[in-house]
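# Structure assessment
Single-letter residue listing:
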Amino acid sequence: MKFYMPTKIFSESDCVKKHSKELASLGQRALIVTGRHSSRLNGSLSDVTDALEAENRTWVIFDEIEENPSIETVMKAAAAGLKEKTDFVIGIGGGSPMDASKAIAMMIANPDRDESVLYENIELDHLPVAAVPTTAGTGSEVTPWSILTIHSQRTKKSISHKIFPELALMDSKYLMAMSRNTLVSTAVDTLAHLTESYLVKSADKYSRIFSIEGLRLWGQFKKNLLEDKMTAGDYDTMFEACTMGGIAIAHTGTGFPHALSYMMTYETGASHGVACGYTLGGFVKYYVDQNLKKDVLDALGFETVQDFCRYLEQLIHKPELPDGLWTKDVASIIQNPKRMASYPFEMNEEIMSKYLAE
Ligand code: NAP
Ligand code: ZN
């Protein structure tokens, strides 16, 4: 067994303000990495700049991170951070700005290298990263993963380097500004992290503690999520479940629903959570070990796998897949030994194609 979680996590109301000293301890001049709009609207950006000001730190803002961030945007932000002599990075937003901030922190620390270094298997330094999540889905605030869009390959791919944020500052008040689509997509992403991390081959006793507790928490708000009646308490629970999912996948990685989602997102524009949810029901239904499957369903509060699949069907709208996409996507997984090694049982095109019907 192994357990490694170097991120210092604080989660409470007015968290950024209360932990301004921890934020300021990361450097003198921050590169704030965020999306175009939401961090201005939900108050997270002003909380961060107020905290930096209170600690006499300076900052520059890069606010052009798109959903499913591209390598091109990462390089543009890194150039801005280098020019402005920034020495730490703060990612504010959903998984897109948080993932981007990790790759940007690596590129700033290695100014002589081009973007190819992101996918090289070598040890490299990076600037310290702080994460201020404003969605509760990806868990990126506590994972070492950074998933970027590679246009030349028409898909998304995790960079080769593991970069944990030094600090995660979480305040669930930001979540209340999410649209229904973002809420549902991020909730399903967390559900996929928790479920996949419990069922993949690399799961162990420690990682399963986080997966199963996260699933139990997820089950507590599932009815209100479906009925669009989320309370302030539900958002708190969702944040906890999200972080537990992040801690679990930091140890186990993800399984087939995530692997299959990347090409789907690229080709259909489906959000990350919806693309993962597309095959999550099938993944659970055709999972071979009935005891582990029952653990997942019991923790969530579903009596049968059919109930689980029906719930997902009601919650998300599955995208239309263009001709040939499914076959290409499945083939890319079957031919990837690392992906196949995540599954403890036999898998082939025929079995995986059954996922489509769920
Ligand atoms: P996102 O792409 O970061 O954001 C989706 C949308 O939600 C954007 O339009 C964003 O607006 C908006 N938004 C964010 N927070 C908001 C708030 N509090 N109120 C209102 N709107 C808000 O979505 P995400 O699902 O969190 O992240 C998905 C990305 O994370 C994908 O690239 C995925 O591959 C990655 N991911 C990473 C990990 C990991 O372990 N590192 C795990 C799973 C997924 P703005 O653009 O204006 O900010
Ligand atoms: Zn995910």
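Going by the structure above, here's the rest.
Below or above, wherever it landed, is the structure these notes cover.

As a further point, take a nonpolar patch on the surface. A contiguous nonpolar surface patch, about 440 Å² in accessible area, is contributed by M1, F3, Y206 and I209. Following the sequence through the fold, F3 ends up in the segment before β1 (8-11). We classify F3 as partly exposed; its relative accessible area is 39%.

A word on the coordination of the zinc ion (ligand 2). Surrounding the zinc ion (ligand 2) are the protein donor atoms D189 (OD), H193 (NE2), H258 (NE2) and H272 (NE2), which sit 2.0 to 2.2 Å from the metal. One way to put it: the four donor atoms around the zinc ion (ligand 2) meet at angles of 84 to 173°, and that makes the site irregular.

Spatially, β1-β8-β5-β4-β2-β3 is the arrangement adopted by the six strands of the open sheet, whose pairing is parallel. Each having just a single partner strand, β1 and β3 (58-65) make up the two edges of the open sheet. Averaged over all neighbouring strand pairs, the angle between strand axes comes to 15°, with direction disregarded. The sheet contact formed by strand β5 (residues 129-133) and strand β8 (residues 167-170) spans two bridges and is parallel. Across the sheet, residue A130 finds its bridge partner in β8, namely L167. Sheet contacts for helix α4 (residues 44-54): β2 (29-35), β3, β4 (88-93) and β5; angle to β4, the most-contacted strand, approximately 150°.

Rules used in this analysis
Counting restarts for each chain, with residues numbered from 1 along the sequence as it is written. Both sets of labels track the order of writing: A upward for chains, 1 upward for ligands. Given that the model is predicted, a residue must reach a pLDDT of at least 70 before its local features are reported, and side-chain atom pairs must reach 80 or more before they are shown or counted; all residues, however, enter totals for whole chains, interfaces and linings. To obtain the side-chain values, all non-hydrogen atoms of the structure were used and water was disregarded. Only residues whose relative accessible area exceeds 30% and that form no salt bridge are eligible for patches; like-charged ones are grouped when within 9 Å, while nonpolar side chains (Val, Leu, Ile, Met, Phe, Trp, Tyr) are grouped when within 5 Å. With residues, only the protein chains shown are counted as cover, and all accessible areas are computed by Shrake-Rupley using a 1.4 Å probe. The salt bridge definition used is simple: a Lys or Arg side-chain nitrogen within 4 Å of an Asp or Glu carboxyl oxygen. Numbered from the N terminus, helices here are DSSP runs of H or I no shorter than four residues, and strands are runs of E no shorter than two. Relative accessibility under 20% of the residue-type maximum defines a buried residue, over 50% an exposed one, and the middle range a partly exposed one, all with a 1.4 Å probe and only protein chains included. Coordinating donors are taken to be N, O and S atoms lying within 2.8 Å of the metal, or within 3.2 Å when the metal is Na, K or Ca; because water is excluded from the atom set, some sites may appear incomplete. A site with four donors is called tetrahedral when every donor-metal-donor angle falls between 85 and 135 degrees; four donors are called square planar, and six octahedral, when opposite donors sit more than 155 degrees apart and all other angles fall between 65 and 115; any other arrangement is irregular. One bridge is not enough; two strands pair if DSSP finds at least two bridges between them. Between the N-to-C directions of two axes lies an angle of 0 to 180 degrees, each axis being a line fitted to C-alpha atoms and, for a helix, fitted only over the stretch in contact. Whether two residues are in contact is decided by their heavy atoms, any of which lying within 4.5 Å being enough.

Note that every value here comes from positions in space, so none of it alone points to a role or purpose.
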